[in-house]
Amino acid sequence: MYSAYIDLIRIRFLMMLAYRVNYYSGILIYALNIGAYYFLWKAIYGSSESLGGMTVTQMTTYVAVSWMARAFYFNNLDREIASEIRDGSVAVQFIRPYNYLFVKMMQGFGEGIFRLLMFMVPGMIIASLLFPVRLPTDAKVWLVFMVMLFFSFLINSQINILTGLFAFFVENNEGLMRMKRVAVDLFSGLIIPVSFFPGWMEGLVKLLPFQAITYLPGSVFTGKVTGDAVYQVLGLQLLWFVLLILPIWFMWRSARSRLFVQGG
């Protein structure tokens, strides 16, 4: 059974490899995004050495690693699930000898591995050459960051799965998926680090799972979070991963009795 899941990862990786030219162009697009944010934040800092608890160099590194990390954890599982629910093909998955949601997660992981090797790594090298990015010299930081990056993928995928499963309860969840994407990019710290939000809003954002996707790994990578605090933020990621399992399980259990095929 487990070998079948591994095959799913491999198959999705090979599927993405067939369209690798799109990702080569994506590296250029992400580099332009990083450049735009670099000059924007440089202008915001002005003569200031530090803002929001981050130096100019830390902010540059944060912007670069956050956008490149997005290349790994990003996927369209919500749209895939919603599409399969609308056309009724999800019904076939109910009678197959595997867990449908775990299959989607493995497919997303296969896509993530492709993006990591073909997009994130070369993109980070290019960003380091173009902008004053300071990479960690401590191997321990790299190891913790890679573990946190994996949890970023898991948590983002869980949120996508929850959003996709809403298609069982509404006829069209397109608006919800768009709202989710904006919320993830904004409240995860991709566009603005969480520490730059106003006090009340920062407290609110920290009660949501989004910061565990981008802000926490980026803070560890840049050295904003060090020492024992690193394990605390890693534990926070683990906590959100466990907590998000519960609504997914509840929605999946409820959805199995509500299958509604449009046009079927």
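Residues numbered from 1 in each chain as written. Predicted model: local features only at pLDDT ≥ 70, side-chain atom pairs only at ≥ 80, totals over all residues. Heavy atoms only, no water.

Undergrad: Tell me about the packing of aromatic side chains, residues and numbers included.
TA: Aromatic rings considered in pairs are described by the distance between their centres and by the relative angle of their planes. Scanning all chains against the criterion turns up 19 aromatic pairs. Taking 5.5 Å as the distance between ring centres and 50° as the angle between the ring planes, the aromatic pair formed by Tyr38 and Phe131 counts as tilted. Of the two residues, Tyr38 sits in helix α2 (residues 20–45) while Phe131 sits in the loop between α6 (100–130) and α7 (139–165), which places them 93 residues apart along the sequence. A centroid spacing of 5.7 Å and a plane angle of 75° characterise the contact between Phe109 and Phe150, whose relative ring orientation is edge-to-face. Residue Phe109 is located in helix α6, and its partner Phe150 is located in helix α7; the two are separated by 41 residues in the primary sequence. (Phe/Tyr/Trp six-rings, centres within 6.5 Å; stacked < 30°, edge-to-face > 60°. Helix = DSSP H or I, 4+ residues; strand = E, 2+ residues; numbered from the N terminus.)

Undergrad: Could you give me a rundown of helix α8 (residues 174–187), with the residues and numbers involved?
TA: One full turn of an α-helix is made of 3.6 residues, so residues set three or four places apart face in the same direction. Along its 14 residues, α8 runs 20 Å from first to last C-alpha, staying within 8% of the 20 Å computed at 1.5 Å per residue. Along α8, the residues that are buried comprise Met177, Lys180, Ala183, Val184 and Asp185. Residues of α8 that are buried in the fold lie against α3 (56–73), α4 (77–86) and α7. (Expected span 1.5 Å × (residues − 1). Buried < 20%, exposed > 50% of the residue type's maximum accessible area, 1.4 Å probe, protein only. Contact = heavy atoms within 4.5 Å.)

Undergrad: An account of the packing of α4 against α7 is requested, with residue identities and associated values reported.
TA: At their nearest, the axes of α4 and α7 sit 7 Å apart, and the two run at 25° to each other. As far as their axial angle goes, α7 and α4 are roughly parallel. By crossing handedness, the relation of α4 to α7 is classed as right-handed. In contact with Leu77, Asp78, Ile81, Ala82 and Ile85 of α4, α7 contributes Ser157, Asn160, Ile161, Thr163, Gly164 and Leu165. The residue inventory of the contact of α4 with α7, partitioned by class, reads six nonpolar, four polar and one charged. (Axes fitted to C-alpha atoms, helices over the stretch in contact; angles between N-to-C directions. Parallel < 35°, antiparallel > 145°, perpendicular 65-115°, else oblique. Left-handed = near helix turned anticlockwise from the far one by under 90°. Nonpolar A, V, L, I, M, F, W, Y, C, P; charged D, E, K, R; others polar.)

No statement about biological role is implied by the geometric values presented.
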